[in-house]
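Structural description and commentary
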Amino acid sequence: MRRWLLILLLASSANAMPIADYILRLEVIDGLLAQNALEPAKIEAKALLGQKIEWSRGRFFADVSVLQPILDTRSASGPHRVRLAATILELRRASGAESAQGDRKLLARIAAEQDVPDLPKGGDIPTRLERDVPLLERIAESIGEMLEWLRDQLKKLLDWLLDLLPRRRPQESSASVAMRWTVFVIVALIVIVVLVLAVGVLRRSRAASDETVQSSAPPIGSKADEDPLSRGATEWERYAVDLAKAGRFREAIRAWYHAVLVTCYAAGILHFRKGRTNWEYVASLGPAVEWRPEMIELTRGFEREWYGSLHSTPEAAEECGQRAAGIIETVRGDE
């Protein structure tokens, strides 16, 4: 009899869900409701019914009064969502999750970087962002502006030289005529030298533009690293390996995560939308996706290393790389 009681006790403790995972599952449901995805939210809520939760103060069952209204509702918004948000907030406060969110100064700095700066007074409002303009078009515009500036400078130089020429008088000696022609020859030589220099500058600019087009991949540590679409999935994988070799493990973790996102974009599993958070991407994955738990762990690790610390360890980068490579291989195998 004692043996059976021990087996039942172990089975019940093995099925208990940590409170951090319970809070995460509730946040996923809240994210689905925010996207008006009612049916996936009901599936998540139904999966939590009867689930035993474990934390430092003991065990309890998932709150039926929070989950059942979600299953019974016909609208994504309403009192059930308000109660869900209040439950998440209270659980985070009671479990001490707020105290484990990393360095407050670091979080404040990250939040400040996300603020949009005020528009400067005066000036023109650009109709297109610089990153939206093709590279060759930007090069052509720069060369055009340079040529206009050069034309204006040449015009000023010619006007200044012409002012130095002596005025023709009714009775002009042969020496004055010779001096005037000498000045004209000097001006012509100066113009020729300036034109030769301008041609040389244009040739060097074209050569530099060709090299820029051939090596269009953003360099290591560039501003483009923040955009997942700045590289292809394979390029992100190679880039992550190079960053890890250089000892930049925190950036390597971000590169691996971007490789997974771009792979899912290409497969049509995820859809890029500016401003969408990582957890919203996780919430858009249905429960039928077999690698969804791996994506949750990968997202949790990326958020912890990128937003919660200034330096990452080689072990964290290796673990993230292995998890990301597994997801990428699974997604590509299903295509």
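Everything here concerns the structure above.
About the thresholds
- Residues numbered from 1 in each chain as written.
- Predicted model: local features only at pLDDT ≥ 70, side-chain atom pairs only at ≥ 80, totals over all residues.
- Heavy atoms only, no water.
- Helix = DSSP H or I, 4+ residues; strand = E, 2+ residues; numbered from the N terminus.
- Buried < 20%, exposed > 50% of the residue type's maximum accessible area, 1.4 Å probe, protein only.
- Contact = heavy atoms within 4.5 Å.
- Areas by Shrake-Rupley, 256 points an atom, 1.4 Å probe, with all protein chains shown as cover.
- Axes fitted to C-alpha atoms, helices over the stretch in contact; angles between N-to-C directions.
- Parallel < 35°, antiparallel > 145°, perpendicular 65-115°, else oblique.
- Left-handed = near helix turned anticlockwise from the far one by under 90°.
- Nonpolar A, V, L, I, M, F, W, Y, C, P; charged D, E, K, R; others polar.
- Pairing = 2+ DSSP bridges.

A few points about the overall build of the chain
In terms of helices and strands, the chain carries 13 helices and three strands. Within the chain, the fraction of its 335 residues that count as buried is 31%. Pairs at least 24 residues apart make up 61% of the contacts formed inside the chain by residues separated by at least 6 positions. Split by element, the accessible area of the chain, about 22400 Å² in all, is 58% carbon and sulfur.

Describing the packing of helix 9 (residues 233–245) against helix 10 (residues 249–267)
In helix packing, the relevant descriptors are the interaxial angle and the interaxial distance, both defined with respect to the helix axes. Between helix 9 and helix 10, the shortest axis-to-axis distance is 8 Å and the interhelical angle comes to 165°. One element, helix 9, and the other, helix 10, form an angle in the roughly antiparallel class. Here helix 9 runs over helix 10; the crossing is left-handed. Along its contact with helix 9, which presents Ala233, Trp236, Glu237, Tyr239, Ala240, Val241, Leu243 and Ala244, the element helix 10 presents Phe249, Glu251, Ala252, Ala255, Trp256, His258, Ala259, Val262 and Thr263. Broken down by class, the residue content of the contact of helix 9 with helix 10 amounts to 13 nonpolar, two polar and two charged.

Some remarks on the pairing of strand 2 (residues 52–55)
Pairing of strand 1 (residues 17–18) with strand 2, which is carried by two bridges, proceeds in the parallel orientation. Looking across to strand 2, one finds that Pro18 is bridged to Glu54. Where strand 2 and strand 3 (residues 58–61) come together, four bridges link them in antiparallel fashion. Across the sheet, Glu54 pairs through a bridge with Arg59, a residue of strand 3.

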